[in-house]
2 protein chains.
Amino acid sequence: MREKTKKPTILEVARRAGVGLGTVSRVLNNHPAVRPETRARVLQVMEELGYTPNPHARRIAGGRSYTVAVLLPFVGTEFYKRLLEGIEAVLLEKRYDLAIFPLLSRARLERYLKNGSLAYQTDGLLLASYDLTEHFGGRLPTDRPVVLVDTRNERYDSVYLDNRLGGRIAGEYLARFPGPVFAIRIEEETDQAFQKTTFRERIQGFREALEAAGKPFTERQLYTTRLSAEGGRLALRHFLEQASPPLNVFAGADQVALGVLEEAERLGLTVGRDVRVLGFDGHPWTEEVGLSTLSQPVEAMGARAASLLLERMEGYKGAPRQVRFEPLLIERASTGTPPKAPYLP
Amino acid sequence: MREKTKKPTILEVARRAGVGLGTVSRVLNNHPAVRPETRARVLQVMEELGYTPNPHARRIAGGRSYTVAVLLPFVGTEFYKRLLEGIEAVLLEKRYDLAIFPLLSRARLERYLKNGSLAYQTDGLLLASYDLTEHFGGRLPTDRPVVLVDTRNERYDSVYLDNRLGGRIAGEYLARFPGPVFAIRIEEETDQAFQKTTFRERIQGFREALEAAGKPFTERQLYTTRLSAEGGRLALRHFLEQASPPLNVFAGADQVALGVLEEAERLGLTVGRDVRVLGFDGHPWTEEVGLSTLSQPVEAMGARAASLLLERMEGYKGAPRQVRFEPLLIERASTGTPPKAPYLP
DNA sequence: CTGAAAGCGCTTACAG
DNA sequence: CTGAAAGCGCTTACAG
């Protein structure tokens, strides 16, 4: 009759391993001053008992929470899925937990930050996509280390993709093909509190490249839509009202590019010949559907951001570090080029 | 020169209020055995000091975490925004925190549940939209109370909307207007791990009502798309290829209905006369755009679910409670009916 | 109604 | 390298 399966504590581990509980704690914290044999024995016992440390006790005893807060837009796109995977990979390895805070409203954000709730819960903050510092006069109201990812700010460690460069690469690339060039501009969320400029930068770079190539780009070549595959379908229909195949489309995002692909197929057009399509993001499924795209190492960016944060949490005091990633053009069938060897991140 | 603004503790509050720290704790926990004057004085001091209890200490001392986990689909739709608002409202009032766990993959879910991480962190679980019990042989591997919302299961407290009824109301309503009837079926996410049937139920009810009204519904009257406004635009174009105005469209969700509205306007059609559109969800903005819709009391559902969970956490042991909400038809200009008094939830 | 004390499961100097 | 002890900020019987 054991009572409600009480979790084993550090004390029980210590007893069974025949050591003091300080030693168990040292093993837990990777303290170097533990003999390898002792460590092994303790780990063994932990394994047997299915022991996991009580994070609340650690927090209260050690002052650290072993938790990192990730604040991200409340949109369930593949980009954030991948970003979280990258972040989580390095955090879990270091035995840190990850608390996700979807940015729903400014009021909620302030509550998180102000009332100390976040402060109590986490040892560091990872801000994705929104540079929230503007809301707080340049500095977030927290004494925890902060790292930005998918956005940048000179005052904080930042890990970001050069979206404008991606747009330029797209422009240079598509300008070489016969037929007119079109682009899809994806509307950013219009929430005043949370702004980002990702898609705008991509289009900006695209426009620059076309102009540099002597193919000035006008509003008529642009179609604006929300981020959705159906938006890509509408875009292609719109472009086909203005020009006959072959035509070349920069979709701005893989998700939208997928819609272009779907609609082309529905209309009986041959992708890669009648319609060339270029996506952006390099999501894993683009390989299956043969979509050319500007690959973005999202997982790597997330991992890098998490590493920078971990360093800060361990006391690193240097100047803010700006880590810039570059997108990589991957040619596949959707732009008519024979597929190359698969992309290795 | 105060050092890094140490947070005040219960001890400091006790001193300043001239009471023992047990009393402060009692105030914190709404224990009845505290004289009103004493309580007032303590609360005063807390206010002055900007004291907030350290949740980790409470957790470790009291065995409770004062945190509820909300597991929800990784999609940033307005529905979940509203649901979270409803949940949060009652939880915050009871001084509970809310930990959001987006359901990204089955692997992550199992990690949450298994490794005891969730178990340590929270006192109860709220599962939104997915009945995850199937993954675990009928019972979730947790000893914490569990409440489902936006889905149902006989073995757990469940709060849900009768989506099929909503579909039926929509069918009965639209069948009365002149002109053919169309419907938009929204694809559920195809993730095998996380399934829901919301939209399917709405269409099912719709079909039943039409058949009952002697207007059999065929596949030709159905357009399938992902959940997006652009999907609504495509749908309307599709319907207009099959019939001339006036026509009547059940959009299945407000977001998609919005696209129908947009496209009708773009085509110069008069909404409410040439095209009648009925949404589903009753999101706040539908009033502004004059969209008729089946209103769903999402916030109230979230609040109710949170209340049921709180009761369980306080020890309620009764049989699982099934709370069924009914959608309410709101007539506005998009179905040609003059707007009535605003809906009061 | 209220205070003093034990205890929650850990971490971290401090001695050995 | 390791043990014993103090302490983290609370909660909760236990006495008054």
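Basis of the calculations
Residues numbered from 1 in each chain as written. Chains lettered and ligands numbered in written order. Predicted model: local features only at pLDDT ≥ 70, side-chain atom pairs only at ≥ 80, totals over all residues. Heavy atoms only, no water. Pairing = 2+ DSSP bridges. Helix = DSSP H or I, 4+ residues; strand = E, 2+ residues; numbered from the N terminus. Axes fitted to C-alpha atoms, helices over the stretch in contact; angles between N-to-C directions. Contact = heavy atoms within 4.5 Å. Buried area = accessible area lost by both parts, 1.4 Å probe. Salt bridge = Lys/Arg side-chain N within 4 Å of Asp/Glu carboxyl O. Polar contact = N/O pair within 3.5 Å; in protein donor to acceptor, adjacent residues only side chain to side chain. Least-squares fit on C-alpha atoms with pLDDT ≥ 70 in both.

J.: Could you clarify how one ought to interpret the sheet that holds strand β7 (residues 222–225) of chain A in this entry?
T.: Backbone-to-backbone hydrogen bonds pair the strands of a sheet. The strands run either parallel or antiparallel. Residue and element names in this part refer to chain A. Spatially, the six strands line up as an open sheet ordered β7-β6-β8-β9-β10-β12, and their pairing is mixed. Where the open sheet ends on each side, the last strands, each with one partner, are β7 and β12 (328–330). If you compare each strand with its neighbour and ignore which way they point, the axes differ by 20 degrees on average. Strand direction decides the pairing type here: strand β8 (residues 247–250) and strand β9 (residues 275–281), joined by four bridges, are parallel. Considered in β9, the bridge of Asn-248 is made with Arg-276. Its contacts with the sheet put helix α8 (residues 163–175) on β6 (181–186), β8, β9, β10 (292–295) and β12, and the angle it makes with β9 is roughly 165 degrees.

J.: Please clarify how the sheet that holds strand β10 (residues 292–295) of chain B should be interpreted in this entry.
T.: Residue and element names in this part refer to chain B. With mixed pairing, the six strands of this open sheet are ordered in space as β7-β6-β8-β9-β10-β12. Single-partner strands in this sheet number two, and they are β7 (222–225) and β12 (328–330). Sheet twist, expressed as the mean angle between neighbouring strand axes with direction ignored, is 20 degrees. In the packing of helix α8 (residues 163–175) onto the sheet, contacts are made with β6 (181–186), β8 (247–250), β9 (275–281), β10 and β12, and the angle to β9 comes to roughly 165 degrees.

J.: What exactly am I supposed to notice about the interface of chain B and chain A here?
T.: By a widespread convention, an interface's size corresponds to the accessible area lost as its parts come together. Listed as interface residues are 43 residues of chain B and, on the opposing side, 42 residues of chain A. At the boundary of chain B with chain A, total buried surface from both sides reaches about 4000 Å², with 53% on carbon and sulfur atoms. The interface formed by chain B and chain A holds six salt bridges in total. Run the count over chain B and chain A and you get 10 residue pairs in polar contact (both at pLDDT 80 or more). Examining the composition of the side of chain B that touches chain A, we find that six residues originate from one element, helix α10 (residues 229–242) of chain B, more than from any other.

J.: Would you explain the relation of the copies chain B and chain A in this entry?
T.: What relates the two chain copies is a rotation about an axis together with a slide along it. Superposition of chain B onto chain A requires a rotation of 180 degrees combined with a translation of 0.0 Å along the rotation axis, giving an RMSD of 0.0 Å. With respect to symmetry, the two chain copies, as superposed, fit the operation of a two-fold axis.

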